[in-house]
Amino acid sequence: QVQLVESGGGLVQAGGSLRLSCIASGRAFTFNSYAMGWFRQAPGKERELVANINGVIGSTSYADSVKGRFTITRDNAKNTVYLQMNSLKPEDTAVYYCAKGRTTVVAMRDYDYDYWGQGTQVTVSS
């Protein structure tokens, strides 16, 4: 019913910027009603939520490690959520996933998300 496709990953130098996009599709999916999140996972490490954005209202939350550097936005008319990443650090290197929340407002838990994209690789060099 819902498909999420990420894009925009790549290789950048430390201090650089990258913008990730996630396009949601599915005829029964009312995009603006649901929270959306961005997660990341590096090899051998736990997956972590880095940012989420509520449905309808659009309020945002961020992991402490990315506050002030990353910005999550959404364009409901395009069924798309973005993650603008600035001042990138090598420790930001990971596979980044977008996910659809089960409700309008969700907590930062994997359980709160019911659909996931395939992931896009972000690599930050020193």
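How each quantity is defined
- Residues numbered from 1 in each chain as written.
- Predicted model: local features only at pLDDT ≥ 70, side-chain atom pairs only at ≥ 80, totals over all residues.
- Heavy atoms only, no water.
- Disulfide = S-S within 2.5 Å.
- Helix = DSSP H or I, 4+ residues; strand = E, 2+ residues; numbered from the N terminus.
- Buried < 20%, exposed > 50% of the residue type's maximum accessible area, 1.4 Å probe, protein only.
- Salt bridge = Lys/Arg side-chain N within 4 Å of Asp/Glu carboxyl O.
- Pairing = 2+ DSSP bridges.
- Axes fitted to C-alpha atoms, helices over the stretch in contact; angles between N-to-C directions.
- Phe/Tyr/Trp six-rings, centres within 6.5 Å; stacked < 30°, edge-to-face > 60°.
- Lys NZ or Arg CZ within 6 Å of the ring centre and 35° of its normal.
- Contact = heavy atoms within 4.5 Å.

(A) View of the state of the cysteines. In this structure the tally under the stated criterion is 1 disulfide. Bridging C22 to C98, the disulfide has an S-S length of 1.9 Å. Here the disulfide of C22 and C98 is right-handed, its torsion about the S-S bond being about 50°. With C22 in strand β3 (residues 18-25) and C98 in strand β9 (residues 94-101), this residue pair connects regions lying 76 residues apart in the sequence. The same class applies to C22 and to C98, which are both buried.

(B) Broad picture of the pattern of salt bridges. Here the structure, examined in full by the defined rule, presents 7 salt bridges. Here D114 ties to K100 by a salt bridge, and the two come within 3.1 Å at their closest N and O atoms. One end of the pair, D114, is in strand β10 (residues 113-116); the other, K100, is in strand β9, with 14 residues separating them in the sequence. One network of salt bridges, in which partners are shared, links R40, E48, R69 and D92.

(C) Highlighting the sheet that holds strand β1 (residues 3-7). If you walk across this open sheet you meet the 4 strands as β1-β3-β8-β7, and the pairing is antiparallel. Strands at the two margins of the open sheet, each flanked by one partner only, are β1 and β7 (70-75). Each adjacent strand pair in this sheet contributes to an overall mean axis angle of 15°, direction not counted. Direction of pairing for β7 relative to strand β8 (residues 80-85): antiparallel, over a ladder of 6 bridges. Its bridge partner being in β8, D75 is matched across the sheet by T80.

(D) Summary view of the packing of aromatic side chains. For the structure on display, the rule yields 3 aromatic pairs. Through a chain of ring-to-ring contacts, three or more aromatic side chains come together here, namely F39, Y113 and W116. The ring of Y82 carries the charged tip of R19 above its face, separated from the ring centre by 3.9 Å. The ring centre of F31 lies 4.5 Å from the NZ or CZ of R74, which sits over that ring.

(E) Structural detail: unusual backbone geometry. A positive phi is found at V56, a non-glycine position, where the angle reads about 65°. Within the secondary structure layout, V56 lies in the loop between β5 (48-53) and β6 (60-62). In the Ramachandran plot, N79 falls in the positive-phi region, its phi being about 50° despite a non-glycine side chain. For N79, the position within the fold is in the loop between β7 and β8.

(F) Broad picture of the environment of E91. Along the chain, E91 falls in the loop between β8 and β9. Under the relative-accessibility criterion, E91 is labelled exposed at 54%. Linking E91 and G44, residues 47 residues apart in sequence, is a C-alpha distance of 13 Å.

(G) Quick peek at the environment of A94. With respect to the secondary-structure elements, A94 resides in strand β9. The buried category is assigned to A94, whose relative accessible area is 3%. Between the C-alpha atom of A94 and that of A24, which follows or precedes it by 70 residues, the distance is 21 Å. Aside from chain neighbours lying at most four places away, what touches A94 is R40, Q41, A42, T120, Q121 and V122.

Geometric values such as these leave the question of function open.
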